[in-house]
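# Results of the structural survey
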Amino acid sequence: MDMNSVLNDALKVLKEGGVILYPTDTVWGIGCDATNEKAVAKVFGIKKRSEAKSLVLLASDLDMVAKYVKEIPSIAIDLVEVNDAPMTIIYPEAQYLAPNAVAEDGSVGIRIPYVEEGSDPRVKPEITGGASFCRELVRRLRRPLVSTSANVSGEPTPRNFKEISDEIRNAVDYVVPKSLEDGATGRASQIIKLGVGGEVRIIRA
């Protein structure tokens, strides 16, 4: 498998406002450019989910996070620097994102996929898998990527590619090859919500 070609194919679809099915650092996800309102609406349509529900986004690094939230509390920097597992941080005030990618209270949940130093999906995709793939994809996109589980709202979250329904697979514009199966762990991330004053609340440990 030519990983660079897969990245380029997925990137082309995203830049054209399409939706992809791809492995993340947690589960297989449905994603699109988080700054494209029509693309985000299509994700909600595929999942048959109300736009009142919030979405999780992926960012390549804290510099990208800083562009799309009004302020990064210092505690968030500490959490990211010491983290070695999937962790979604809900920031209180988003900016420059599609309105429907932001929660009703103006907050947004963003995760930086954890990748061990030196990992490269183009060299060892069977080892680095989904985390490296999606982080590199976001880096090339230069904008946050929507990351929501690959299932219709209310149905069980698929733990692997085989459990993803044909309805979901047929609804997206591009499916990343399932040879990246090992990249998605099938486990959900931690969720930590930060307040405007730096308050910390653990939503899911």
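As a reminder, the structure under discussion sits directly above these lines.
In what follows, the accompanying structure is described. Computed from a predicted model, the values in this text were never measured in an experiment. (Residues numbered from 1 in each chain as written. Predicted model: local features only at pLDDT ≥ 70, side-chain atom pairs only at ≥ 80, totals over all residues. Heavy atoms only, no water.)

## A few points about the overall build of the protein
Along its length, the protein carries six helices and 10 strands. Per-residue burial over the protein gives 51% buried out of 205 residues. Residue pairs in contact within the protein that sit at least 24 positions apart in sequence constitute 67% of those at least 6 positions apart. (Helix = DSSP H or I, 4+ residues; strand = E, 2+ residues; numbered from the N terminus. Buried < 20%, exposed > 50% of the residue type's maximum accessible area, 1.4 Å probe, protein only. Contact = heavy atoms within 4.5 Å.)

## So, empty space enclosed by the protein
In total, this model carries one cavity of 30 Å³ or more according to the counting rule given. Taken as a whole, the largest cavity encloses approximately 50 Å³ of empty space. Taken together, Lys70, Glu71, Pro73, Pro92, Glu93 and Val196 make up the full set of residues lining the largest cavity. (1 Å grid on protein atoms, 1.4 Å probe; cavity = no way out; pocket = protein on both sides within 12 Å on 5 of 7 lines; lining within 4 Å. Points joined across faces, edges and corners; volume = space filled by probe spheres on them.)

## Considerations on the pairing of strand E2 (residues 28-31)
The two faces of E2 match: Trp28 and Ile30 on one face and Gly29 and Gly31 on the other face are all buried. In this sheet, E2 lies alongside strand E1 (residues 20-23) in antiparallel orientation, the contact comprising four bridges. Directly across from Leu21, in E2, lies its bridge partner Ile30. Taking the residues that link successive antiparallel strands as the turn, the E1-E2 hairpin has four residues. Summarising the sheet, E2 and strand E7 (residues 148-149) pair through two bridges and their orientation is antiparallel. Opposite Ile30, over in E7, you have Thr148 as the bridge partner. (Pairing = 2+ DSSP bridges.)

## So, the sheet that holds E2
Strand order in the open sheet formed by four strands is E7-E2-E1-E8, with mixed pairing between adjacent strands. Looking at the sheet topology across the chains shown, the edges are occupied by E7 and strand E8 (174-175).

## Focus on unusual backbone geometry
With phi around 55°, Lys48 is a residue other than glycine that occupies positive phi space. One can find Lys48 in the loop between helix H2 (37-47) and strand E3 (56-58).

## Examining the nonpolar core
With 59 residues, the main nonpolar core has Tyr91 and Leu137 as its most contacted residues. Ranked by the residues each element gives to this core, the list is headed by helix H1 (residues 3-15), at seven residues. Setting aside anything within four residues of it in sequence, one finds Leu137 in contact with Leu7, Ala10, Leu11, Leu14, Ile20 and Leu145. (Core = buried A, V, L, I, M, F, W, Y, C linked by side-chain atoms within 4.5 Å.)

## Digging into the pairing of strand E4 (residues 87-91)
Taken across its five residues, E4 has five buried, putting it largely inside the fold. Of the two faces of E4, the one carrying Met87, Ile89 and Tyr91 and the one carrying Thr88 and Ile90 are both buried. Judged from the four bridges that link them, E4 and strand E5 (residues 108-111) form a sheet pairing that is antiparallel. Bridging from a neighbouring strand, Ile89 pairs with Ile110 of E5.

These results come straight from atomic positions and should not be treated as a statement about function.
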